[in-house]
Amino acid sequence: MFAHDLTAGRSVWAYGLTSGILAPPVALGNSVFATSSGGVYAMLVVDRGELQWPGRTFDRISATSILTNQGVWVPSEDGTLYALQRADGRDRWKYRATRPLTRDPILHRNTIYLPVPDLGMVALNALRGDVIWEQKDLDAIPITVTANGLLLNDRTRVIFVDSQTGRQTAEAPTLWMSDVIADEEDNLYLVSPYGKLQRLAP
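A brief report on the enclosed structure follows. (Residues numbered from 1 in each chain as written. Predicted model: local features only at pLDDT ≥ 70, side-chain atom pairs only at ≥ 80, totals over all residues. Heavy atoms only, no water.)

### Considering the overall build of the chain
Inference 1: Counting its regular elements, the chain contains zero helices and 21 strands.
Inference 2: Relative to the 2.2 N^0.38 estimate, which gives 17 Å for 202 residues, the radius of gyration of the chain is 18 Å and therefore close to what a compact globule would have.
Inference 3: With respect to the three principal axes, the spread of C-alpha positions in the chain is 45 × 40 × 25 Å.
Inference 4: The proportion of buried residues among the 202 residues of the chain is 46%. (Helix = DSSP H or I, 4+ residues; strand = E, 2+ residues; numbered from the N terminus. Rg over C-alpha atoms; globule rule 2.2 N^0.38 Å. Buried < 20%, exposed > 50% of the residue type's maximum accessible area, 1.4 Å probe, protein only.)

As structure tokens, then:
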């Protein structure tokens, strides 16, 4: 992983992980958290690239982790979501699924919405790891939480579910989508793999 000066474009520091990087690093304040396909992760100092603490899972990491002031949450293909202390990387709790975790979870307030491939969606208390609800028929990717509820993308639909219960409240069919992006005003940008871009107003 390389850090570059945005003004001059020169490299400031580089940090080598043990294998390829599949998920984008996440940064907050003066910390950046990076993961690798070997299951190794590292918390680094943004300014200097110095290692704050390392760790590892038991399989590769291909989904994006979550980093906040309250902690770090790491989805691994060993089927476990790891909740870590931000200061030292110690385990807080673990949620064990029965499938490799390959899709990005999202965090809203104190709830993590975790997609488990082929099984559905799980809502977890971010601080304790308790299961709030499970919906096995929601095999989709969480995008964001809006005033209308939790927004999901299942490639050919955008789906709203009640963020407290997981019950579906609305849906809209779309063209085949490779990605859905939400902005701060809850506009949705639907990205087609064939080059078409659509914007949906709230």
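Right, picking up where we left off after that structure.
### Regarding the sheet that holds strand β9 (residues 80-84)
Inference 1: Taken in spatial order, the four strands of this open sheet run β7-β8-β9-β10, and their pairing is antiparallel. Looking along the sheet, the strands with just one partner apiece sit at the ends: β7 (66-68) and β10 (91-96). Each neighbouring strand pair of the sheet contributes to a mean axis angle of 10°, computed without reference to strand direction.
Inference 2: Across four bridges, strand β8 (residues 71-75) lies against β9 in antiparallel orientation. Paired with Pro-75 across the strands is Leu-81, a residue of β9. (Pairing = 2+ DSSP bridges. Axes fitted to C-alpha atoms, helices over the stretch in contact; angles between N-to-C directions.)

### Thoughts on the sheet that holds strand β11 (residues 106-108)
Inference 1: On the basis of which strands lie adjacent, the open sheet formed by four strands has the order β11-β12-β13-β14 and antiparallel pairing. Looking at strand neighbours, the two that pair on one side only are β11 and β14 (131-135), the edges of this open sheet. Shown here is a sheet whose adjacent strand axes are inclined to one another by a mean of 20°, direction ignored.
Inference 2: For strand β12 (residues 111-116) and strand β13 (residues 120-125), the ladder comprises six bridges, and the chain directions are antiparallel. Within β13, the residue paired with Val-116 across the bridge is Gly-120.

### Digging into the nonpolar core
Inference 1: Formed by 14 residues in total, the largest nonpolar core has its most connected members in Trp-73, Leu-81, Trp-93, Tyr-95, Leu-114 and Leu-124.
Inference 2: Ranked by residue count, the leading element in this core is β12, at three residues.
Inference 3: If we ignore the near neighbours within four places in the chain, the residues touching Trp-93 are Trp-73, Leu-81, Tyr-82, Ala-83, Leu-124, Asn-125, Ala-126, Leu-127, Arg-128 and Gly-129.
Inference 4: Counting residues in hydrophobic clusters, the runner-up holds twelve residues, among them Met-121, Leu-138, Leu-150 and Leu-152. (Core = buried A, V, L, I, M, F, W, Y, C linked by side-chain atoms within 4.5 Å. Contact = heavy atoms within 4.5 Å.)

### Let's talk about unusual backbone geometry
Inference 1: In the Ramachandran plot, Arg-109 falls in the positive-phi region, its phi being about 55° despite a non-glycine side chain.
Inference 2: Note that Arg-109 resides in the loop between β11 and β12.
Inference 3: The exposed category is assigned to Arg-109, whose relative accessible area is 73%.
Inference 4: A positive phi angle, close to 70°, is found at Asp-118, a residue other than glycine.
Inference 5: As for its position among the elements, Asp-118 is in the loop between β12 and β13.
Inference 6: Accessibility expressed as a relative area gives 59% for Asp-118, which makes it exposed.

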